[in-house]
Amino acid sequence: MKILLVGSGGREHALALGLKADKSCTELHVAPGNPGISSIATLHPVVITDNQAICELAKTLAVDLVVIGPEVPLVNGVADVLREAGFAVFGPSKAAAQLEGSKDFAKGVMRDAGVPTARSFTCTEKSEIEKALDTFGAPYVVKDDGLAAGKGVVVTEDRQIALAHALACNRVVIEQYLKGPEISLFGISDGRNILPMQPAQDFKRAFDNDEGPNTGGMGAYSPLPWAPDDIVEETYEIVLAPVIAEMAARGTPFVGLLYAGLALTDEGIRVIEFNARFGDPETQVLIPRLVTPLATLLYKAATDSLDDAVLQWRDDSAVTVVLAAHGYPESPKTGTPISHIPTIENTQIFHAGTSKSGDAIVSAGGRVLTVTGIGSDLTEARDRAYRAISQIELDGSFYRSDIALNASVAEKGN
Ligand code: AMP
Ligand code: GLY
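The protein chain goes by phosphoribosylamine--glycine ligase in an unreviewed UniProt entry, where it is assigned to freshwater metagenome. Under the UniProt heading Pathway (unreviewed entry), the entry covering the protein chain gives this text: "Purine metabolism; IMP biosynthesis via de novo pathway; N(1)-(5-phospho-D-ribosyl)glycinamide from 5-phospho-alpha-D-ribose 1-diphosphate: step 2/2."

Written out as structure tokens, the structure is:
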């Protein structure tokens, strides 16, 4: 099977490795990809917001499956254009990608499907906004309704900051604050069935101890030794399956990866957000642990054939740590050479924001590399990830030192 994967981040590097490892994948093409991916796939330049160009590329290559990595092309409707042209696509239609593209839409689906989430108001006027803020009180949770590349959500004790963010959005969702640990749980769907993956935890703040600004994610680990044993089953029952059924009933089936961001509150599971694609950097810990051949799995999802599919996992643990460029997330410095990238056993280094400048690899984005360590437990996986990341030379770069730390300590204590 010939596959075209669209995207260029650490998530796509991990997906590319997973697809390539499946013997049924005979040719792997990635557009636009990055220098790390170029060693395992053929790269093709493409503007990821150009639906027609992506479709033309798929036609030229005569691929059997197209996998869409990032949210922007999905929300732009690239999957519809590709399906119209006859391709099997792993990724939701424009209508189904609204689960990520509009917070208000996602709230409506959850309401109709009876899925537990924070109470919320969708507002456009200042008077409505103020009323909503005062209904819930501090901490205030204010979300831009549309896609905002990780910058749309403000959680603050400060009413003035909350109000200012709300007024800066066209349409805003203001919601109840949810207290409890957050987890990411993904499901792979063919539009009727959904196969839950194992949970992961992401670290959203830039600095240790969850300080600093929100980012796209600074690290992740899986599995979660502290999570309730039935977390996957319960999330399937009360979140994933009802959402897939609701989307199908609306005539807009969700085919692709449904990302549930959950808070485990004292009252039970609550959905914080949905995304319509694999998480980054969660994918960099899930794919190395997945035994089930990935290309076959995504092809089955794309062709309405997941009925008998099952997911198998390695017992190993995985921890990934993001190496961020100086200034990330506000104003990452690009163009800095990365002078040394080590090769170490049981460690995978995924390229995210990198590009080639002559023979050198240079930083080209905020999250530059993601380093995954694999081990028999989280402590071993952490040690490997940190040993590798400490050997990478990129001037001014930084990384969090506490990814999976508490979980690894708790695991040892058991
Ligand atoms: P989102 O983009 O919706 O994932 O939001 C980014 C981050 O804001 C989440 O990972 C949470 O840490 C936080 N957040 C979002 N919604 C809530 C909420 N209702 N209660 C508490 N924290 C939230
Ligand atoms: N890791 C968060 C995200 O992919 O949105």
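What follows is about the packing of aromatic side chains. All told, the structure shown has seven aromatic pairs when counted by the stated rule. On the basis of an interplanar angle of 85 degrees and a centroid distance of 6.5 Å, the ring pair of Phe 186 and Phe 278 is categorised as edge-to-face. Of the two residues, Phe 186 is situated in strand E10 (residues 182–190) and Phe 278 in the loop between strand E17 (268–275) and helix H10 (283–286); the sequence distance between them amounts to 92 residues. What makes Phe 278 buried here is its relative accessible area of 3%.

So, about the site of ligand 1. Taken together, 13 residues form the shell around ligand 1, and within it Glu 175, Gln 176, Leu 178, Glu 182 and Glu 273 come nearest. Measuring from a nitrogen atom of ligand 1, one finds a side-chain N or O atom of Lys 143 at 3.0 Å. Within the side chain of Lys 204, an N or O atom sits 3.1 Å from an oxygen atom of ligand 1. When the free accessible area of ligand 1 is taken as 470 Å², the share hidden by the protein chains comes to 88%. Those elements that place two or more of their residues in the shell around ligand 1 are strand E7 (140–144), strand E8 (153–156) and E17.

Residue Pro 281 follows Asp 280 across a cis peptide bond; omega there is 25 degrees. Cis geometry marks the peptide bond from Tyr 328 to Pro 329; its omega dihedral reads 5 degrees. With respect to the helices and strands, Pro 329 occurs in the loop between strand E18 (317–324) and strand E19 (338–340). Positive phi, close to 55 degrees, is recorded for Asp 304, a residue that is not glycine.

A word on the pairing of strand E21 (residues 354–357). By the bridge criterion, four bridges tie E21 to strand E22 (residues 360–363) in an arrangement that is antiparallel. Among the inter-strand pairings, Ser 355 is bridged to a residue of E22, identified as Val 362. Hairpin connection, E21 to E22: the antiparallel pair is bridged by two residues, and Gly 358 has positive phi, about 65 degrees.

Lining the immediate environment of ligand 2, one finds Asp 202, Lys 204, Gly 216, Tyr 259, Asn 275, Arg 277, Gly 279, Asp 280, Pro 281 and Glu 282. Interatomic distance of 3.3 Å between a backbone N/O atom of Gly 216 and a nitrogen atom of ligand 2. Within the side chain of Glu 282, an N or O atom sits 2.8 Å from a nitrogen atom of ligand 2. Residues belonging to the shell around ligand 2 are distributed by class as follows: two nonpolar, three polar and five charged.

Read from one edge of the open sheet, four strands run E11-E10-E16-E17, paired in antiparallel fashion. In the strand order of this sheet, the two ends are held by strand E11 (194–196) and E17, each with one partner. Between one strand and the next, the sheet's axes are offset by a mean angle of 35 degrees, whatever the strand orientation. Examined bridge by bridge, strand E16 (residues 255–265) and E17 share seven bridges and lie antiparallel to one another. From the neighbouring strand, Leu 264 faces E17, where its bridge partner is Ile 269. Along the sheet, helix H11 (residues 294–302) contacts E10, E11 and E16; its crossing angle with E10, the most-contacted strand, is approximately 65 degrees.

Reading the values: the criteria
- Residues numbered from 1 in each chain as written.
- Chains lettered and ligands numbered in written order.
- Predicted model: local features only at pLDDT ≥ 70, side-chain atom pairs only at ≥ 80, totals over all residues.
- Heavy atoms only, no water.
- UniProt positions renumbered as here; feature names shortened; annotations may be inferred.
- Phe/Tyr/Trp six-rings, centres within 6.5 Å; stacked < 30°, edge-to-face > 60°.
- Helix = DSSP H or I, 4+ residues; strand = E, 2+ residues; numbered from the N terminus.
- Buried < 20%, exposed > 50% of the residue type's maximum accessible area, 1.4 Å probe, protein only.
- Near = heavy atom within 4 Å.
- Polar contact = N/O pair within 3.5 Å; in protein donor to acceptor, adjacent residues only side chain to side chain.
- Areas by Shrake-Rupley, 256 points an atom, 1.4 Å probe, with all protein chains shown as cover.
- Pairing = 2+ DSSP bridges.
- Nonpolar A, V, L, I, M, F, W, Y, C, P; charged D, E, K, R; others polar.
- Axes fitted to C-alpha atoms, helices over the stretch in contact; angles between N-to-C directions.
- Contact = heavy atoms within 4.5 Å.

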